[in-house]
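Listed below, chain by chain, are the residues.
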Amino acid sequence: FKYKISMKIIVLKFGGTSVGTLDRIKKISKIIISYIKKKYKVIVVTSAMSGVTNELIKKASKISKNFPNSERDVLLSTGEQMASALIAGKLYDLGFNSRSWMSWQIPIITRGNYSSSRILKIGTDQIKKYLKKGGIPIITGFQGLNKENRITTLERGGSDASAIMLAKFFKAKRCIIYTDVNGVYTTDPNLTKKAKKIKVLSYEEMLEMSSLGAKVMQPASIQDAKLNKVKIDVKSSFTNKPGTQIIGRKKIKDINIIRGVSFTKNDAKVSLLGVKDKPGVAAAIFEPLYKNSINVDMVVQNISSDGKETDLTFTIKSDDLLKTKKLITRNKKIKFKKLIVDKNVAKVSIVGVGMITTPGVTYRMFQALADKKINILVISTSEIKISVLIQSKNLKKSVELLHKEFNLSK
Ligand code: ADP
Ligand code: ASP
Ligand code: MG
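Our subject in this report is the structure included herewith. (Residues numbered from 1 in each chain as written. Chains lettered and ligands numbered in written order. Predicted model: local features only at pLDDT ≥ 70, side-chain atom pairs only at ≥ 80, totals over all residues. Heavy atoms only, no water.)

A few words now on the sheet that holds strand E10 (residues 200–202). The eight strands are arranged E3-E6-E2-E1-E9-E11-E12-E10 in an open sheet whose pairing can be described as mixed. Each edge of the open sheet carries a strand with a single partner, namely strand E3 (98–101) and E10. Within the sheet, the average angular offset between the axes of one strand and its neighbour, ignoring direction, is 25°. As defined by bridge partners, strand E1 (residues 9–14) adjoins strand E2 (residues 41–46) across six bridges and the pair is classed as parallel. When the sheet's bridge partners are listed, Leu12 is paired in E2 with Val44. Where helix H6 (residues 159–169) meets the sheet, its contacts fall on E1, E2, strand E6 (136–140), strand E9 (174–179) and strand E11 (232–236), and the angle it forms with E1 comes to roughly 175°. (Pairing = 2+ DSSP bridges. Helix = DSSP H or I, 4+ residues; strand = E, 2+ residues; numbered from the N terminus. Axes fitted to C-alpha atoms, helices over the stretch in contact; angles between N-to-C directions. Contact = heavy atoms within 4.5 Å.)

Before going further, it helps to spend a moment on the pattern of salt bridges. A complete count under the given rule lists 17 salt bridges for this structure. The partner of Arg174 in a salt bridge is Asp233, with the nearest N and O atoms 2.8 Å apart. Taken together, the residues Arg174 in strand E9 and Asp233 in strand E11 connect sequence positions 59 residues apart. For the salt bridge of Lys317 with Asp267, the shortest nitrogen-to-oxygen distance reads 3.4 Å. With Lys317 in strand E15 (residues 309–317) and Asp267 in strand E13 (residues 260–276), the pair connects residues that are 50 residues apart, well separated along the chain. Three or more residues joined by partner-sharing salt bridges are found here, namely Glu204, Lys226 and Arg249. (Salt bridge = Lys/Arg side-chain N within 4 Å of Asp/Glu carboxyl O.)

The next thing to look at is the site of ligand 1. Near ligand 1 there are 19 residues, and of these Thr179, Tyr185, Asp188, Asn190 and Lys215 occur at the shortest range. Take Thr179: an N or O atom from its side chain is 2.7 Å from an oxygen atom of ligand 1. Between ligand 1 and Tyr185 there is a distance of 2.9 Å, counted from a nitrogen atom to a backbone nitrogen or oxygen. The fraction of the free accessible surface of ligand 1 (570 Å²) that becomes covered by protein chains is 88%. Across the shell around ligand 1, the residue classes break down as eight nonpolar, seven polar and four charged. (Near = heavy atom within 4 Å. Polar contact = N/O pair within 3.5 Å; in protein donor to acceptor, adjacent residues only side chain to side chain. Areas by Shrake-Rupley, 256 points an atom, 1.4 Å probe, with all protein chains shown as cover. Nonpolar A, V, L, I, M, F, W, Y, C, P; charged D, E, K, R; others polar.)

If you check which residues of helix H3 (residues 69–76) are buried, you get Ser70, Asp73 and Leu76. All buried residues of H3 fall inside an arc of 130° around its axis, so they share one side. The elements touched by buried residues of H3 are helix H2 (52–63), helix H4 (78–93) and strand E8 (151–153). (Buried < 20%, exposed > 50% of the residue type's maximum accessible area, 1.4 Å probe, protein only. Arc of directions from axis to C-beta.)

Close to ligand 2 lie Ser47, Ala48, Thr53, Glu80, Phe142, Arg156, Gly157, Gly158 and Ser159, which account for all nearby residues. Note that a nitrogen atom of ligand 2 is positioned 2.8 Å from one of the side-chain N or O atoms of Thr53. Between ligand 2 and Gly158 there is a distance of 3.4 Å, counted from an oxygen atom to a backbone nitrogen or oxygen. Protein chains shield 86% of the accessible area of ligand 2, which is 270 Å² for the free molecule. Here the residues of the shell around ligand 2 sort into two nonpolar, five polar and two charged.

Turning to the environment of Leu145, a few remarks are in order. With respect to the helices, strands and loops of the structure, Leu145 is situated in strand E7 (residues 143–145). We classify Leu145 as buried; its relative accessible area is 8%. Taking the C-alpha atoms as reference points, Leu145 and Ser103, separated by 42 residues in sequence, lie 6.9 Å from one another. Apart from the residues lying within four places of it in its own chain, the contact partners of Leu145 are Trp104, Pro107, Ile108, Ile109, Thr110, Arg150, Ile151 and Thr152.

Moving on: the sheet that holds E15. A sheet is described by the order of its strands in space; here six strands give the open sequence E14-E15-E13-E16-E18-E17, paired in antiparallel fashion. One side of each edge strand has no neighbouring strand; the edge strands of this open sheet are strand E14 (299–301) and strand E17 (378–382). Taken over all neighbouring pairs, the strand axes of this sheet differ in orientation by 25° on average, direction set aside. Of the strand pairs in this sheet, E13 and E15 are connected by eight bridges, and their pairing is antiparallel. Along E15, the bridge assignment pairs Lys276 with Glu309.

What follows is the structure, given as structure tokens:
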């Protein structure tokens, strides 16, 4: 018969801006210590200092047109190493027992491709021992180790996923995501002052909002959190205000039909005019894109008036535009009259579980845009979201008017 003394573990994740300068690192050290004083065992996860990962990406593309993905991950993961040592060094200076841990030292085992790996397993022995002795481990976010014993990364924004999975494997009470805004808002607070902080949000809604552009949480991290029922708080490391809780859908009552408006600006629209209207043509167009890992997002095919030819329009990330153009013009399996591309487009989406049971949401969205003469280029919907593609110049206006239409400023 053995007593198991359970530790009150909490995971604190600090994003790039929160560790962006030495001064910021001093500030977040105080936040960490405040949890130690509340008798928590604290696991810290850090991102790279803001801008560092982007700089490393630039370096890789400057030195080589053909930088291997495996080396790219080694390079990109270094920002987190620097930040973790700086935090541990500061805490040591303040009289605390703290040390850094690279993902491979733990280890954090990942599966999948370089630059988009997912966490499979995390070793807990060493860190548990260290926590019991009163230590504060500072763990690098974003990185992992694959079964070939090589360093991997978790997709941009992946420190969120590191924090969520550490919370799962250490059975933490909560996972607190410290960032540069006061929580998850109805839309990006840096686009419009009308954005309002959301107090409680379901995993499903957060997943849609982030997949559709709200970069405050990485989409994959929310999938991990939902699957493992990890309780999340998103809050600011700059203020001491209450943030947003992300929890299971069943625990949320009395909510607005629409919870948020998300948007992306890095889309491109591709139209093929005069395509033969017969079975298999769409598949022939998309096959090479799929084989080259180009993600096709929205698709519309017009009904042809003569039954012979049709127009096909779809969207991709603008980074994939050059490659897509090449693949289409080289594709011998398809014939078309004209290829038109447009980078000046943006995607605006409304998200909310309430739309499942509320009729008329689609109509209200389209009417609100029509009233302001905003043209909808492409539409796509799922159970809890509706997305429209519009001209970039109408982005802010569209977000604000949808925000108003669905009473999000209240
Ligand atoms: P971190 O470096 O802390 O991970 P990120 O830059 O990845 O921070 O995410 C925070 C940013 O997400 C905010 O500065 C904000 O501009 C943006 N953002 C986009 N949509 C939203 C939203 N709905 N709510 C809050 N922030 C959002
Ligand atoms: N530093 C990585 C990035 O910029 C991971 C993160 O910030 O979460 O994508
Ligand atoms: Mg982030």
